[in-house]
Each structure stands twice: as C-alpha cells, then as structure tokens.
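# Per-entry structural report
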Amino acid sequence: MLPVRNWSVIAEIHLLGFQTLWPFSLLLFISFLLIYWLTISGNMIIILLVTRSRSLQSPMYLFLTQLSLSDSLMATSIIPNTLYVVMGSDATITFTGCLTQFYFFSASLALESLFLTGMSYDRYVAICNPLHYNIIMDYLFCMKFIVFSWGFSFSVILNHVLAVCNLEFCGPSVIDHYFCDLSPLLELSCSDTFIVEVEVTLLVIPMALFQFLLVIVSYSYIIFTILRIPSVVGRQKAFSTCSSHLTLVSMYYGTLLCTYLVPTRGQSLNASKVLSLLYTVVISCINPIVYSLRNKDIKEAFYKCNFLMR
C-alpha cells in the first residue's frame, strides 16, 4: 500500500458544471432527477424480477443483476452531486468527497465493462456451443466471475486513488466539469503526475482493449454461427437472444471510444461534458429500458409478477 502523506492544501473544489446552460438550470435539474429515478427504479425492478422469477434463473440474468447493481452505483456516484452542481451558482465538494466520487465512479465503470464482457461470453457459449453450455456456464463459474469482478475492480481503482493521494495539490481548486474525473484531478496537482498517468495507462488501456476485443470476437462468432442456421425462424430466434446485449455494448463502447479517441486539444469543453454524460448517466438509464422493452423473458416475468400482486 502506498504511503499517504499530508498531501493537500486544497480543502474544497469548485465544480463549474454547465455554466453555459445556467438559464436552463431548472430544466437540467428536473431532467437529471428524472433520469436518476428511472435508473434506480428500473434496475431495482430487474433485480427483483430475476430474484423472484424461476424462468430467469440463468447465467445471463445473473450477470444482468450485477450489471444493474453497477449501473445503480454509477448513477448514485454521479447524479446526486450533479443535481447540486446544476442548481448551485457556487457548487463545491470537499477534496475527500471528490476522491470518493472518483473512486466509486471508476470502480463502477470497470464493473460495467467486466459484466458486459461476461454477458457477451455467455451469449457466445449459448449460441456457438449450446451442448456444453450448462457445463461451461455453471453456477460456480458464474459466482467466481462475479466475485472476481467486484474484488478486482475495487482493488485496482483503490490503488489508483492511493497513487493520487500521494501527490501534492496546491490549486487552483476549480474543475470545469460536473464530476471529479482523473484528468481534472491531476490538473490540480503541483507534483509530477507522469508516473501516475503511466501506471493508469499501462493497466486500464490494455484491460479495456482486451475486453473490447473479446466482445468483438465473441459477436463475430455469434453472427457467423447465426447466419449458418438454415431456418429463418431459427435465425430470428437466435438474434433475439443477443440483440439487446449487442445494442447496449455498441452504445457503451461507442461513447467510450468517442470520449477517449477524440483529441482533447481543440475540443470544446461542452462537447467533452456531453460525451461524458452519455456513458456516466444516459447508458445507466437506458440499460434497464432496453432489457425491459426488447427482452421477451423479462416482459413475461414482469406481467406474471403484476398478476400475482393483484
């Protein structure tokens, strides 16, 4: 564990948020509040349905509950403080609170990637190797993957946070963003941040790249296998089992790639904030909606649950 020094002379950080949209602050507040309500309620409904419905007791939906938990964690780490930033003309957050927000946001981002990768592997085995599905995707394997994902994500991000804590911060204590991300935090440091940036790059980029390539390879095999099915009805049924997940993966990695591949120099700060909103707030809200509207098993379980509650 890295030794933590008396590292900061910054007590509070000013978050500028969406200054150019200040006339629409009330509308933004209502929008974020609605998104947060939809995110939490939608994900909790999915967790409840999977927990109570026997027809949803499969690895795919077990991973889905974990994805819902990570989405809820993501939204909770970002949106409540964003509501304060949107409505406050002088919104501040303590430095400790800023690091805490960065920790939980980054951990939930890592969890999201791992569970989307696990779900893509599940669909690959189900479609490309169905005879061995129950052997490969057994309960013990799924639980090991879930425990590993949570432990790995939080321990790796904790190491990054401790590395940031070992820097010295002397201002300016202003972040032109709506939440505490790594790059804005490092800009406040008066220490040499090169080693921290290299450590993050050497770990995060290969990990994210490996997961993205694994998802691409999995769905390449899935699509190739589906196209070889002679029956049109069979192809449609196979596509329906993975179309929702493919939609979410495309949106998630698409926004991440747009965020981190677009050069920061010459890029509008507002454009950067909008891109960040897509994968920190919007995707977490869309996930339960997509699975509810495009997943037949979820809809059937929901109707049965409503019928039993009457």
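This one's a predicted model, so the numbers in the text were calculated from it and none came from an experiment. (Residues numbered from 1 in each chain as written. Predicted model: local features only at pLDDT ≥ 70, side-chain atom pairs only at ≥ 80, totals over all residues. Heavy atoms only, no water.)

### Examining the overall build of the protein chain
Selection rule: Numbering goes from the N terminus for both helices and strands, where a helix is a DSSP run of H or I of at least four residues and a strand is a run of E of at least two. Burial classes follow relative accessibility: with a 1.4 Å probe on protein chains only, a residue under 20% of its type's maximum area counts as buried, one over 50% as exposed, and anything between as partly exposed. Between two residues, a contact is recorded if the distance between any of their heavy atoms is within 4.5 Å.
Each helix and strand counted, the protein chain has 10 helices and 3 strands in total. Along the protein chain, helices and strands appear, N-terminal first, in the series β-α-α-β-α-α-α-β-α-α-α-α-α. Residue burial in the protein chain is summarised as follows: out of 310 residues, 45% are buried. Put simply, 81% of the contacts in the protein chain that link residues at least 6 apart link residues at least 24 apart.

### Notes on the packing of helix 2 (residues 59-87) against helix 3 (residues 95-128)
As a reminder, the rule being used: Axis lines are fitted to C-alpha atoms, over the contacting stretch for helices. Their N-to-C directions set the angle, which ranges from 0 to 180 degrees. To sort the angles, those under 35 degrees are grouped as roughly parallel, those over 145 as roughly antiparallel, those from 65 to 115 as roughly perpendicular, and the leftovers as oblique. For a crossing to be left-handed, the near helix must be turned anticlockwise from the far one by less than a right angle; the clockwise case is right-handed. Basically, the charged four are Asp, Glu, Lys and Arg, the nonpolar ten are Ala, Val, Leu, Ile, Met, Phe, Trp, Tyr, Cys and Pro, and anything else, Gly included, counts as polar.
Where helix 2 meets helix 3, the closest approach of the two axes is 9 Å, and the angle between their N-to-C directions is 160°. Here helix 3 runs roughly antiparallel to helix 2, going by the angle between their axes. Regarding helix 2 and helix 3, the two cross each other, and that crossing is left-handed. Within the contact of helix 2 with helix 3, the residues separate by chemical class into 15 nonpolar, 7 polar and 4 charged.

### Details of the pairing of strand 1 (residues 12-15)
Consecutive side chains of a regular strand alternate in pointing toward one face of the sheet and then the other. Counted only if it meets this: Here a strand pair is declared whenever DSSP counts at least two bridges between the two strands.
Of the two faces of strand 1, only the one carrying I13 and L15 is buried; E12 and H14 on the other face are not. In terms of strand pairing, strand 1 meets strand 2 (residues 92-94) through 3 bridges, oriented antiparallel. In the sheet register, I13 faces strand 2, and the bridge partner there is I93.

### Notes on the packing of aromatic side chains
The cut-off we apply is this: Any pair of Phe, Tyr and Trp rings, taking the six-membered ring for Trp, is counted once the centres come within 6.5 Å. Such a pair is stacked with planes under 30 degrees apart, edge-to-face with planes over 60 apart, and tilted for the rest.
Evaluation of the coordinates by the stated rule reveals 16 aromatic pairs. Considering the side-chain rings of F115 and W150, the 6.4 Å spacing of their centres and the 55° angle between planes classify their relative orientation as tilted. Taken together, the positions of F115 in helix 3 and W150 in helix 5 (residues 139-165) put the pair 35 residues apart, joining distant regions of the chain. Using a relative accessible area of 0% as the deciding quantity, one classes F115 as buried.

### Focus: the UniProt feature "transmembrane region" (unreviewed entry) in the protein chain
The cut-off we apply is this: UniProt positions are given in the numbering used here, feature names are shortened, and annotations may be inferred rather than shown by experiment.
Those places that UniProt annotates as "transmembrane region" (unreviewed entry) correspond, in this numbering, to residues 20-49, 61-79, 91-115, 136-158, 203-227, 239-262 and 274-293. Along residues 61-79 one finds 100% helix and 0% strand; the C-alpha atoms at either end are 26 Å apart. Its end C-alpha atoms 32 Å apart, residues 136-158 is made of 91% helix and 0% strand.

### Digging into the pattern of salt bridges
Using the following cut-off: One speaks of a salt bridge when a side-chain nitrogen belonging to Lys or Arg is within 4 Å of a carboxyl oxygen belonging to Asp or Glu.
Taken as a whole and judged by the stated rule, the model has 2 salt bridges. Between R123 and D122 there is a salt bridge whose closest N-O contact spans 2.6 Å. Pair check on accessibility: R123 and D122 agree, each one buried.

### A look at the sheet that holds strand 1
Pairing between the strands of a sheet comes from backbone hydrogen bonds, and it takes one of two forms, parallel or antiparallel. An order of 2-1-3 is seen for the 3 strands of this open sheet, with the pairing classed as mixed. Of all the strands in the sheet, just strand 2 and strand 3 (174-175) have a single pairing partner and so form its edges. Pairing geometry for strand 1 and strand 3, over 2 bridges, is parallel. The residue bridging L15 from the neighbouring strand is I175, located in strand 3.

### Considerations on the packing of helix 1 (residues 25-52) against helix 2
Close contact between helix 1 and helix 2 brings their axes to 9 Å; oriented N to C, the two are set at 160°. Accordingly, the angle class assigned to the pair helix 1 and helix 2 is roughly antiparallel. The interaxial crossing formed by helix 1 with helix 2 has left-handed handedness. Of the residues belonging to the contact of helix 1 with helix 2, the class tally is 21 nonpolar, 8 polar and 1 charged.

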